[in-house]
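Structural characterization, general
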Amino acid sequence: MIATLLLLHVVVCATLAIAGRRWGRLSLLIAAVPPAAATIWAVSRLGSDEPAHAHLAWVDTLDVAMTFHVDDFVEIMTLIVSGIGVGVFVYAYGYFNDKDTSVGRFAATLLAFSTAMLGLVWSDSVWSLFVFWELTSVTSFLLVGHKNTNPEALLSARRALMVTGGGGLALLAGLLLVSQSAGATLLSEIGPAEGTSVTVGAVLVMVAAATKSAQVPFHAWLPGAMVAPTPVSAYLHSATMVKAGVVLVAVMGPAFSAIGAWKALGLIFGITSVIWGAVGALRQRDAKLILAWGTVSQLGLLITLFSVGNPKATLAAVTLLVSHALFKGALFLIVGEVDVRAGTRDIEQLGGLARTMPGTFAAAMLAGLSMAGVPPLLGFVAKETAIEAVLALNGAEMWLVGAGVIGGSVLTVAYTMRLLIGMFGSGPTTPLAAQHGALSAPSRILALAGVVGYFALGPLEELIAPAAERLAAESVGNLYRWPGLTLGLWISVAVVVLGSIAGLVACRLRLSVPAGWAAGVTDTAVDFTLVSGRWLCARLQHGSLPVYLVTMATTLALAAIPFVIHIGSGSDSFDHLIWWHSPLQAVMALAVVASSLALAAVATRLGAGIALGAAGLSVAALFVIHGAADLALTQLLVEAAIVVGFVLAFGHLSRSFPPVGLRWRAVRMAVAGLGGAAVVIGLVAASHEPVAVPPLDEMVTQAAEIGGGNNVVNVILTDIRALDTLGEVFVLAIVALGVLALARTSRQDEKNQAEDTAQPTALQSTTGSPALETAVTESGSQ
């Protein structure tokens, strides 16, 4: 079923990419079908004791395969990714208008992201995890840059791709180190391990998670990505993509539990982000940016709890993972609705929306209070569990983690209050556009889900607790709607009181936006990468084919130096070499050398073609003398194709080559000779110490029995290495199309130039009026 669902996502995505432009907004509802199917499947599996598996082999001998594993924790992530995805697609139907011609492209790209995210959370193989991790980065880049005529959107998309793409490289290196040390490529089989390689791999994995989940100092891309349409922000930047790093930390945590660097780095990233993100949210006026900075803070809290790693903290993290998806998704959708109807997201320009948008106000209050951790909402349960987890720690760790969790919670209450008062408080009534049902329903459903989750905590705990136990590998305790008059409750009351006071003060102070130092650093790094890339490409990809060939031949010659030293030391002898079986082979070898020297000396293109053909025919004769008639036939076919190509090209080229100095010609001949010598030396060294017996007899037998042909060379090209041959055919076809396009463009330019030259003469001879000729010419130039 896993493979079927992924295939459904891919098929619908491809269909929308082809036909979405014609379908307009309807494509958004069609795109909601695959996530809806995945949601139904996940719901049907709730409570199942047996995980679901799927294995799609690619290269069995290298243990490269797409392997998927769906357990209790992954089922929760599936409901978040696909369930909220359905709501976002419905919301986007009301967000966009019928005049927007890019809706089909948006729907296809958003569904492609949903597919990649679903594949990521289902992945059990390190290879499939990395592939889908990178696909989320690429599709996120396309979605953030959806408004491709907006320079700010393009800059933000580039910034997001650089940060998350760099994290992808760190992830690849980390997974390779960990899988090599563990001797397994499946995440479910990688157990607790120690050692230098594992420690370095764990650090790289944590860095990758920090880039994806926008942790300080890699956080700048997330606030910048708010230039994307609100459905993107609600889906990618609250419920799904930014959770990818958190999921990675949660899944890999048990394997790295004994590594101190893993926990220390996670706490540094998490606690710093909790505080810095919340402070950033307090200093914003754009409601969407308040939520973005708040997301940085909430993700930091999740990273902190998963890094702590004890059972209670894991239970709190999974509960917060669910509640955060609900309240933050709802708030993003609400801000988008306000933006569409009021025309602004600036909280200092909004006013009176509690009266004019009562349903939206009620949903915002429910989602906001859940984010602040106020009962009776699921966010309160998550916050109380987190505080209880902190109190269960000991010593300095309790104070450090407690400062982050409790301090971040106070600031969360503060920026939540500032957001709600700024958007819905008293003030001049903001004029509104007409309401659209698809724009309102998803946010209200998500907001109500926070209330339902609180009162239906028993059934919800039956889903959350097994998921947390799967990560903690032991019992995690219980969730409570009302913990009683415990120390944790009194801390929670103090958090709400202090946060409310801080929020009221922030509303009166009208804090300014901080300088975007992290964004500046990231943008400088992006610019440096682009400038240095252009500089490097200008020197390496300069367009001179002779220089390319000299560079490759020189590199080949340098690579042969170790073999020369090995042979010179007397380790290799030449006794195993057979110089020729027949004197005719020596004659043909001399013919090849003579043809090559003539090719280097001849000045005309026709002479070069003849010399090249002579060298090829001499090689074919060598094959015939050796008894390899099939190889000789293949060589003759190649020579014939080359001759045809030369004949077609000679009509468009000058008869002679451009003049070349004697020094440059000597350099090219010397380098070519060294390259040939390097090949000979390499073959001599390799043939002296064969590692196995060549499977010649087996290949001849299989060519006839399996390949169905007696021409062994042809069977190798078309059957044994068919994919390589197919790739070469594609390359040649693309080159041929490029040459054809350039030729047609050149001919069209020549034709246009000839017409432009002839036009004034024709006008003058026809009209006889220089004034009219001037007027027509000026009109054409304009």
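Residues numbered from 1 in each chain as written. Predicted model: local features only at pLDDT ≥ 70, side-chain atom pairs only at ≥ 80, totals over all residues. Heavy atoms only, no water.

Moving on to helix α27 (residues 629-650). If you check α27, its first and last C-alpha atoms are 31 Å apart, about what 22 residues at 1.5 Å a residue would give, namely 32 Å. Within α27, burial applies to Ala632, Thr634, Gln635 and Glu639. Looking down the long axis of α27, one finds its buried residues gathered within 160 degrees of arc, a one-sided arrangement. Among the exposed residues of α27, those oriented more than 90 degrees off its buried face are Ala629, Leu637, Ala641, Val647 and Leu648. Summarising the contacts, the buried residues of α27 are in contact with α26 (605-626) and α30 (712-720). (Helix = DSSP H or I, 4+ residues; strand = E, 2+ residues; numbered from the N terminus. Expected span 1.5 Å × (residues − 1). Buried < 20%, exposed > 50% of the residue type's maximum accessible area, 1.4 Å probe, protein only. Arc of directions from axis to C-beta. Contact = heavy atoms within 4.5 Å.)

To continue, consider the confidence of the model for the protein chain. Of all residues in the protein chain, 93% attain a pLDDT of 70 or more, and the chain-wide mean is 85. This model gives residues 762-782 a pLDDT under 50, and the stretch forms 6 contacts once residues within four places in sequence are excluded. (pLDDT = per-residue confidence, 0-100.)

Our next topic: the packing of helix α10 (residues 230-239) against helix α14 (residues 311-342). Axis separation between α10 and α14 bottoms out at 9 Å; the angle between their running directions is 160 degrees. With respect to α14, the element α10 is oriented roughly antiparallel. Here the hand of the crossing between α10 and α14 comes out right-handed. Taken together, the residues of α14 that come into contact with α10 (itself represented by Thr230, Ser233, Ala234, His237, Ser238 and Ala239) are His324, Ala325, Lys328, Gly329, Phe332, Leu333 and Gly336. In the contact of α10 with α14, the residues fall into 5 nonpolar, 7 polar and 1 charged. (Axes fitted to C-alpha atoms, helices over the stretch in contact; angles between N-to-C directions. Parallel < 35°, antiparallel > 145°, perpendicular 65-115°, else oblique. Left-handed = near helix turned anticlockwise from the far one by under 90°. Nonpolar A, V, L, I, M, F, W, Y, C, P; charged D, E, K, R; others polar.)

Ranked by internal contacts, the top residues of the largest apolar core, which has 172 residues, are Phe73, Trp122, Phe256 and Met423. Broken down by element, the residue count for this core peaks at 19 residues, all from α14. In contact with phenylalanine 256, other than residues within four places in its own chain, are Val178, Val198, Ala202, Val205 and Trp262. (Core = buried A, V, L, I, M, F, W, Y, C linked by side-chain atoms within 4.5 Å.)

A few words on the side chain of serine 618. Positionally, serine 618 belongs in helix α26. Residue serine 618 is classed as buried on the basis of its relative accessible area, which comes to 8%. A distance of 2.8 Å separates a polar atom in the side chain of serine 618 from the backbone oxygen of alanine 614. Sequence-distant contacts of serine 618, that is, excluding residues within four places in its chain, are made with Met588, Ala591 and Val592. (Polar contact = N/O pair within 3.5 Å; in protein donor to acceptor, adjacent residues only side chain to side chain.)

As far as domains go, the protein chain holds domain 1 (1-258), domain 2 (261-510), domain 3 (512-541), domain 4 (544-570 + 581-688) and domain 5 (698-754). Taken residue by residue, the interface counts 51 residues in domain 1 and 45 residues in domain 2. Taken as a group, Tyr91, Met206 and Gln215 account for 15% of the area that domain 1 buries against domain 2, more than any other trio of residues on that side. There are 1 salt bridge connecting domain 1 and domain 2. The interface formed by domain 1 and domain 2 contains 9 residue pairs in polar contact (both at pLDDT 80 or more). For the side of domain 1 that touches domain 2, the elements supplying multiple residues, two or more each, are α4 (72-95), α8 (196-212), α9 (221-224), α10 and α11 (241-252). (Domains from an automatic or database assignment. Buried area = accessible area lost by both parts, 1.4 Å probe. Salt bridge = Lys/Arg side-chain N within 4 Å of Asp/Glu carboxyl O.)

Take the packing of helix α13 (residues 287-308) against α14 next. Between α13 and α14, whose axes approach to 9 Å, the crossing angle comes to 170 degrees. In terms of orientation, α13 lies roughly antiparallel with respect to α14. Classifying every residue of the contact of α13 with α14 gives 18 nonpolar, 5 polar and 2 charged.

On to the packing of aromatic side chains, then. Taken as a whole, this structure holds 10 aromatic pairs when the rule is applied. For the ring pair tyrosine 95 and phenylalanine 96, a centre distance of 5.3 Å and an interplane angle of 80 degrees mean the geometry is edge-to-face. On the numbers, 4.9 Å between centres and 55 degrees between planes, the contact of phenylalanine 96 with phenylalanine 106 is tilted. One end of the pair, phenylalanine 96, is in the loop between α4 and α5 (103-122); the other, phenylalanine 106, is in helix α5, with 10 residues separating them in the sequence. Exposure class is identical for phenylalanine 96 and phenylalanine 106. Each is buried. Its end group placed over the ring of tyrosine 93, arginine 25 keeps NZ or CZ at 4.2 Å from the ring centre. (Phe/Tyr/Trp six-rings, centres within 6.5 Å; stacked < 30°, edge-to-face > 60°. Lys NZ or Arg CZ within 6 Å of the ring centre and 35° of its normal.)

With that out of the way, let us pick up the pattern of salt bridges. A pair can form between side chains of opposite charge whenever their charged atoms are brought close. Under the definition given, this model contains 7 salt bridges. Aspartate 71 is the partner of arginine 470 in a salt bridge, and the nearest nitrogen-oxygen pair spans 2.3 Å. You can see arginine 470 sitting in helix α20 (residues 457-472) and its partner aspartate 71 sitting in the loop between β2 (64-70) and α4, a full 399 residues away along the chain. Given the relative accessible area of 6%, aspartate 71 is considered buried. In the salt-bridge network here, residues are joined through shared partners; they are Arg285, Asp346 and Glu348.

On the surface, Trp482, Leu485, Trp490, Val493, Val497, Leu498, Ile501, Val505 and Leu509 cluster together to form a nonpolar patch covering roughly 950 Å² of accessible area. Within the element layout of this structure, tryptophan 490 appears in helix α21 (residues 487-509). (Patch = residues over 30% accessible without salt bridge, like charges linked within 9 Å, V, L, I, M, F, W, Y side chains within 5 Å. Areas by Shrake-Rupley, 256 points an atom, 1.4 Å probe, with all protein chains shown as cover.)

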